[in-house]
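Results of the structural survey
Next come the chains, spelled out residue by residue.
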Amino acid sequence: MPEPIIRIDNIVKRYGPLTVLDGLSMEVMPGEKLALIGPSGSGKTTILRILMTLETISDGFVQVDGDQLYHMKKAGSLVPADERHLHKMREKIGMVFQHFNLFPHKCVLDNVTLAPMLTKGVPRAAAEKRAMELLDMVGLADKAKSMPAQLSGGQKQRVAIARALALSPKIMLFDEVTSALDPELVEEVLNVMRKLAAETDMTMLLVTHEMGFAHDFADRVLFFDRGKIVEAGRPEDIFRHPKQERTQTFLRKIIAAGHRV
Amino acid sequence: MIDWSGYIGLIFEGAWVTVQLTLMGSALAVVVAFAAGLGRISRFMAVRALATTYIEFFRGTSIFVQLFWVYFVLPFAGITLTPLQVGVLALGLNVGAYGAEVVRGAVKAIGREQREACIALNLSRYQAMRHIILPQALPLMLPTFGNNAIELLKGTAVVSLISLTDMTFQAQVVRAQTGSTLIPFATILVLYFVMAWLISLGMRWLERRVTRGLDGVRA
């Protein structure tokens, strides 16, 4: 039995008086495709943001690829991680955002090459060669010299995926990556993710409201509500035969809102 | 009949001093504006405190008093500067304090999403600032920087008080010698206006340059 690549142990996340995650634990196996579903405010996006070190945790431990994320060993004891430790840990993780967050002042190619050149010292020629391969994979090789403002939402998101992949992370986090897109642009982004799942053994965590996609894509689905995992299991079990009442209610609402399962 | 050519020549000499003061003062102002503006958002408390003290002090006291301090009080501390150096220093530090707030505001205006993308791509704080935040913040600073530069140009007139022979000083000399008020002051009025107008043109050109490719990103 291989070791989990992510081990979240009893973490607590508070924003002031509001407790978003209250003693949450979960594990993710290497190569696993995990879908996190649930109503908004249930803490699923917070999990991704904690893994990307965009948030701090109030309590608990997060282990990624064998090392503590928010702690490091110093003189035999665990102390809060410093910037250098976080820098080392972030190499393992990539993230794609709901609103793409492309750099508007840089062309598509520069968006993709910037991080490898700056953080890994990859020479420009090699970074551009790799970037072109990735842009080709997401079907945007012809847009390399375009500025982000000239692209559609779906194209922007595909560039953002290529940009995150350029650092070759072991773990990819997708935070509602199709929620900001016009309906007719959703499929092109989902297709890229299907391709990615089929061609790589990357571990992928996906927060989504696209239940149909989660069903086809994920090895395992976690249903979140109020900072807790209410139900976890294979997609066919969660979507076809949910055991918990809260899961059933949530799925009914989603279907009523016109989402395909 | 007064021979005006010599007197106008005098005013032009003063105009050159004004130009020098404006250019060097602005250069100093930009440097301290970035240093203090970024200092104010530093994660080190001591740096923030230092930057805030500088900004509040130079915004909160008059340029006139600052100028006299640099010219008359610093020599007691063993620092003697030429009048031109004094003028550049006082004007640069004064306008730089206003510029610092412009830098801070513009950097803050580049949203959380861009910063988070930088973290997700593992850029260091310095790399994020240098490659992502500042290039986007700069176009936001330029219009106000243009205002500040024009303010600085007009502020140069106070240096005549420490016997620096700038344009205003020379106009007063000409007025004293010829008894004419209209001609010297009409001349410097036009000259100040032309200089300010050139600054506006220059800033507009700069703005167009740095916003190139950002079309459609911001309104």
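Residues numbered from 1 in each chain as written. Chains lettered and ligands numbered in written order. Predicted model: local features only at pLDDT ≥ 70, side-chain atom pairs only at ≥ 80, totals over all residues. Heavy atoms only, no water.

1. Some thoughts on the packing of aromatic side chains
Under the criterion given, the structure shown has nine aromatic pairs over all chains. Taking 5.2 Å as the distance between ring centres and 45° as the angle between the ring planes, the aromatic pair formed by Phe 223 of chain A and Phe 250 of chain A counts as tilted. Highlighted residues: Phe 223 of chain A in strand 11 (residues 220-225) and Phe 250 of chain A in helix 9 (residues 245-256), separated in sequence by 27 residues. This pair shows no difference in class: Phe 223 of chain A is buried, exactly as Phe 250 of chain A is. Taken together, Phe 64, Phe 68, Tyr 71 and Phe 72 of chain B form an aromatic cluster joined through their ring pairs. One Lys or Arg, Lys 13 of chain A, reaches over the ring of Tyr 15 of chain A and ends 4.8 Å from the middle of that ring. Here the basic side chain of Arg 163 of chain A rests over the ring of Phe 103 of chain A, its NZ or CZ set 4.6 Å away from the ring centre. (Phe/Tyr/Trp six-rings, centres within 6.5 Å; stacked < 30°, edge-to-face > 60°. Helix = DSSP H or I, 4+ residues; strand = E, 2+ residues; numbered from the N terminus. Buried < 20%, exposed > 50% of the residue type's maximum accessible area, 1.4 Å probe, protein only. Lys NZ or Arg CZ within 6 Å of the ring centre and 35° of its normal.)

2. Some thoughts on the UniProt feature "transmembrane region" (unreviewed entry) in chain B
Residues and elements named next belong to chain B. In the numbering adopted here, UniProt assigns the feature "transmembrane region" (unreviewed entry) to residues 15-36, 57-79 and 182-202. Helix makes up 65% of residues 57-79 and strand 0%, and the two end C-alpha atoms of the span are 21 Å apart. This span, residues 182-202, is 100% helix and 0% strand, and a straight line between its end C-alpha atoms measures 30 Å. (UniProt positions renumbered as here; feature names shortened; annotations may be inferred.)

3. Thoughts on the sheet that holds strand 5 (residues 67-68) of chain A
Residue and element names in this part refer to chain A. One open sheet accounts for four strands, arranged 2-1-4-5; its pairing is antiparallel. Where the open sheet ends on each side, the last strands, each with one partner, are strand 2 (18-28) and strand 5. Along the sheet, helix 1 (residues 44-51) makes contact with strand 1 (6-15), strand 2 and strand 4 (59-64), crossing strand 1 at roughly 110°. (Pairing = 2+ DSSP bridges. Contact = heavy atoms within 4.5 Å. Axes fitted to C-alpha atoms, helices over the stretch in contact; angles between N-to-C directions.)

4. Thoughts on the interface of chain B and chain A
The interface is formed by 22 residues belonging to chain B together with 27 residues belonging to chain A. Sorting the residues of chain B by area buried against chain A places Ala 120, Leu 121 and Asn 122 of chain B first, and these three jointly supply 30% of that buried surface. Our count for the contact surface shared by chain B and chain A stands at two salt bridges. Of the charged contacts, one joins Glu 116 of chain B and Arg 49 of chain A as a salt bridge, the two residues approaching to 2.6 Å between their closest N and O atoms. Where chain B packs against chain A, one counts eight residue pairs in polar contact (both at pLDDT 80 or more). Those elements that place two or more of their residues in the side of chain B that touches chain A are helix 5 (112-120) and helix 6 (125-155) of chain B. (Buried area = accessible area lost by both parts, 1.4 Å probe. Salt bridge = Lys/Arg side-chain N within 4 Å of Asp/Glu carboxyl O. Polar contact = N/O pair within 3.5 Å; in protein donor to acceptor, adjacent residues only side chain to side chain.)

5. A look at the pairing of strand 11 of chain A
Residues and elements named next belong to chain A. Extensive coverage of strand 11 is indicated by the burial of five of its six residues. Strand direction decides the pairing type here: strand 3 (residues 33-37) and strand 11, joined by four bridges, are parallel. Within the sheet, the bridge partner assigned to Leu 36 lies in strand 11 and is Leu 222. Inspection of the sheet shows strand 11 paired to strand 12 (residues 228-233) by five bridges, in the antiparallel sense. Within strand 12, the position partnered with Phe 224 by the bridge is Ile 229. Counting the residues that bridge the hairpin from strand 11 to strand 12 gives two residues, and of these Arg 226 lies at a positive phi of roughly 45°.

6. Considering empty space enclosed by the protein
All names here are of chain A. Considering all chains together, one arrives at one cavity of 30 Å³ or more under this definition. Taken as a whole, the largest cavity holds about 30 Å³ of empty space. Forming the walls of the largest cavity are Glu 176, Val 177, Thr 178, Leu 190, Met 193, Leu 206, Val 207, Thr 208 and Glu 210. Listed by contribution, the elements that provide at least two residues to the lining of the largest cavity are helix 6 (183-199) and strand 10 (203-207). Per-class residue counts for the lining of the largest cavity are five nonpolar, two polar and two charged. (1 Å grid on protein atoms, 1.4 Å probe; cavity = no way out; pocket = protein on both sides within 12 Å on 5 of 7 lines; lining within 4 Å. Points joined across faces, edges and corners; volume = space filled by probe spheres on them. Nonpolar A, V, L, I, M, F, W, Y, C, P; charged D, E, K, R; others polar.)

7. Some remarks on unusual backbone geometry
Phi at Asn 101 of chain A is positive, roughly 55°, even though this residue is not glycine. Tracing the chain through its elements places Asn 101 of chain A in the loop between strand 8 (93-96) and helix 3 (108-120). We note that Ser 163 of chain B has phi near 60°; this positive angle belongs to a residue other than glycine. Considering the arrangement of structural elements, one finds Ser 163 of chain B in the loop between helix 6 and helix 7 (167-178).

8. Details of the nonpolar core
Ranked by size, the top nonpolar core spans 70 residues in total, and within it Ile 8, Met 26, Ile 47, Leu 51, Val 62, Leu 173 and Leu 205 of chain A carry the most contacts. In terms of residue count, the dominant contributor to this core is helix 6 of chain B (10 residues). Every residue in contact with Leu 205 of chain A, bar those within four places of it in the chain, is listed here: Ile 6, Val 28, Leu 34, Leu 36, Leu 48, Leu 51, Ile 171, Met 172, Leu 173 and Phe 174 of chain A. With 52 residues, the next largest nonpolar core counts Ile 37, Val 186, Val 192 and Ala 218 of chain A among its residues. (Core = buried A, V, L, I, M, F, W, Y, C linked by side-chain atoms within 4.5 Å.)

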